[in-house]
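# Fold and contact review
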There are 4 protein chains.
Amino acid sequence: MTAHPSGQRLHMDRAVREDARRRLATIRGHLEGVLRQLDDEQIYCVDVLQQLYAVRSAVDKVGEVILRGHLQEHVVTASERGDSQRLVDELMELLKYHRP
Amino acid sequence: MTAHPSGQRLHMDRAVREDARRRLATIRGHLEGVLRQLDDEQIYCVDVLQQLYAVRSAVDKVGEVILRGHLQEHVVTASERGDSQRLVDELMELLKYHRP
Amino acid sequence: MTAHPSGQRLHMDRAVREDARRRLATIRGHLEGVLRQLDDEQIYCVDVLQQLYAVRSAVDKVGEVILRGHLQEHVVTASERGDSQRLVDELMELLKYHRP
Amino acid sequence: MTAHPSGQRLHMDRAVREDARRRLATIRGHLEGVLRQLDDEQIYCVDVLQQLYAVRSAVDKVGEVILRGHLQEHVVTASERGDSQRLVDELMELLKYHRP
């Protein structure tokens, strides 16, 4: 969704976007580490799960960074822009998948 | 943790390991897609969050696959092997991070 | 938190409050059902867990109802009121505990 | 589910059952506190949400207590009893709803 009733296009703040990109690049490296772990025939399930949960937790942290940016840039100003209902519905839908 | 009181070494079932590896390779591709999204200055926060939550959900699915393997291979046989307390403590600790 | 920088006091919408109260009264009944289950010496762990997760899920639903009201009544208007930073910080803190 | 292929009936350990009951009785009191909060027309959404999340967290703790008992009493002995597949399937289904 990019076109809003107000005609304004909402987009991600540059600093947030760059922070998210840096974090995701690190996560890609971490994920490759888990892939290498899985080459080891002797690997123990729990050791892999721990690494996987760490990856997941880092992904959730990126989500938190982007969500905070979205609240600051777009949600708190929705009433001024006149798209409150749309932003609230979209956010509640999104929060079904958000994990802290 | 790989050495158990019984002296047996527990390791991940081969089929589970290969399934997990295939899934993680796909997730790496998906993650690279999100990284490309973040190159776009016009990108909308919510569009990135949706992709990110899809990545997270796929990571959780890998966790589920590995956990099921661990239960089948190692937990249900713990009493026979004599390391029940250790396996239960380890599993409860792990479940703090498990997400369905 | 009830006093805001603007001097306005924010409070829960009446309809939301009554919806939440009705739901919680139902949950109390459900909880008493689980307590009775626990009087049965023959009860199986999994049967109790299923009821408990249903209670938990109903509690989360009340949280969703109140959160939506909060977004609609207070968050989308924060920029107009001039307490955006405060509302965003408070909301991000809250979302650490929110579950869908 | 109480009848198992082995013909044995699995039931909750007494100490776990009593611990769970004590905790749930406390939670009922806490829930009644939230109901009273909701009688206050001036109540702020965030104050109620915080109490509600505390209730939810206490419910999750009861789930953890019962789950640990289930693992110790029934899951680690499944291979000996011969109902491993059933216990694993049931547990994986349950873990869809478990929250730490």
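Before reading further, recall that the structure is shown in the block above.
Right, let's walk through the structure included here. (Residues numbered from 1 in each chain as written. Chains lettered and ligands numbered in written order. Predicted model: local features only at pLDDT ≥ 70, side-chain atom pairs only at ≥ 80, totals over all residues. Heavy atoms only, no water.)

It is worth spelling out the interface of chain C and chain A at this point. Contacts between the two partners involve 21 residues from chain C and, on the opposite side, 21 residues from chain A. The junction of chain C with chain A conceals about 2000 Å² of combined surface from both sides, 68% of it contributed by carbon and sulfur atoms. Viewed at the interface, chain A and chain C are joined by two salt bridges. Residue arginine 68 of chain A pairs with aspartate 89 of chain C through a salt bridge whose shortest N-O separation is 2.9 Å. Inspection of the region where chain C meets chain A yields nine residue pairs in polar contact (both at pLDDT 80 or more). Counting residues per element, the ones that place at least two in the side of chain C that touches chain A are helix H2 (45–75), helix H3 (78–81) and helix H4 (84–95) of chain C. It is H4 of chain C that provides the largest number of residues to the side of chain C that touches chain A, a total of seven residues. In the side of chain C that touches chain A, the residues fall into 10 nonpolar, five polar and six charged. (Contact = heavy atoms within 4.5 Å. Buried area = accessible area lost by both parts, 1.4 Å probe. Salt bridge = Lys/Arg side-chain N within 4 Å of Asp/Glu carboxyl O. Polar contact = N/O pair within 3.5 Å; in protein donor to acceptor, adjacent residues only side chain to side chain. Helix = DSSP H or I, 4+ residues; strand = E, 2+ residues; numbered from the N terminus. Nonpolar A, V, L, I, M, F, W, Y, C, P; charged D, E, K, R; others polar.)

With 49 residues of chain A at the interface, the matching set in chain B holds 49 residues. Between chain A and chain B, a total of about 4700 Å² is buried, with carbon and sulfur atoms accounting for 68% of that surface. At the junction of chain A and chain B, the tally comes to eight salt bridges. A salt bridge links aspartate 39 of chain B to arginine 21 of chain A; the nearest nitrogen and oxygen atoms lie 2.4 Å apart. Connecting chain A to chain B are 16 residue pairs in polar contact (both at pLDDT 80 or more). Secondary-structure elements contributing two or more residues to the side of chain A that touches chain B are helix H1 (14–37), helix H2 (45–75) and helix H4 (84–95) of chain A. Looking at the side of chain A that touches chain B, the element that brings in the most residues is H2 of chain A, giving 17 residues. For the side of chain A that touches chain B, the residue count by class is 26 nonpolar, nine polar and 14 charged.

With that settled, the discussion passes to the pattern of salt bridges. All chains considered together, the criterion is met by 44 salt bridges over all chains. Here the residues in one salt-bridge network are Arg56 and Asp60 of chain A together with Arg56 and Asp60 of chain B, joined through shared partners.

The relation between the two chain copies is a rotation about an axis coupled with a shift along that axis. Here chain A sits on chain B after a turn of 180° about the axis and a move of 0.0 Å along it, with an RMSD of 0.0 Å. Considering both components of the superposition, the chain copies are consistent with a two-fold axis. The position closest to the rotation axis in chain A is occupied by the C-alpha of arginine 56 of chain A, lying 3.0 Å away. Both copies present the same face, since 100% of the interface residues in chain A are matched by interface residues at the equivalent positions in chain B. (Least-squares fit on C-alpha atoms with pLDDT ≥ 70 in both.)

A word on the relation of the copies chain C and chain A. Structural alignment of chain C on chain A gives an RMSD of 0.0 Å, achieved by rotating through 180° and translating 0.0 Å along the axis. Taken together, the interface assignments show that 100% of the residues at the interface of chain C recur at the interface of chain A, consistent with an identical surface on both copies.

Right, let's get into helix H1 (residues 14–37) of chain D. Spanning 24 residues, H1 of chain D covers 35 Å between terminal C-alpha atoms, matching the ideal 34 Å at 1.5 Å per step. For H1 of chain D, the complete set of buried residues consists of Val16, Arg17, Ala20, Leu24, Ile27, Leu31, Val34, Leu35 and Gln37 of chain D. Buried residues along H1 of chain D sit in contact with helix H1 (14–37) and H2 of chain C together with helix H2 (45–75) of chain D. Where H1 of chain D begins, the side chain of aspartate 13 of chain D points an oxygen toward the backbone nitrogen of alanine 15 of chain D, at a separation of 3.2 Å. (Expected span 1.5 Å × (residues − 1). Buried < 20%, exposed > 50% of the residue type's maximum accessible area, 1.4 Å probe, protein only.)

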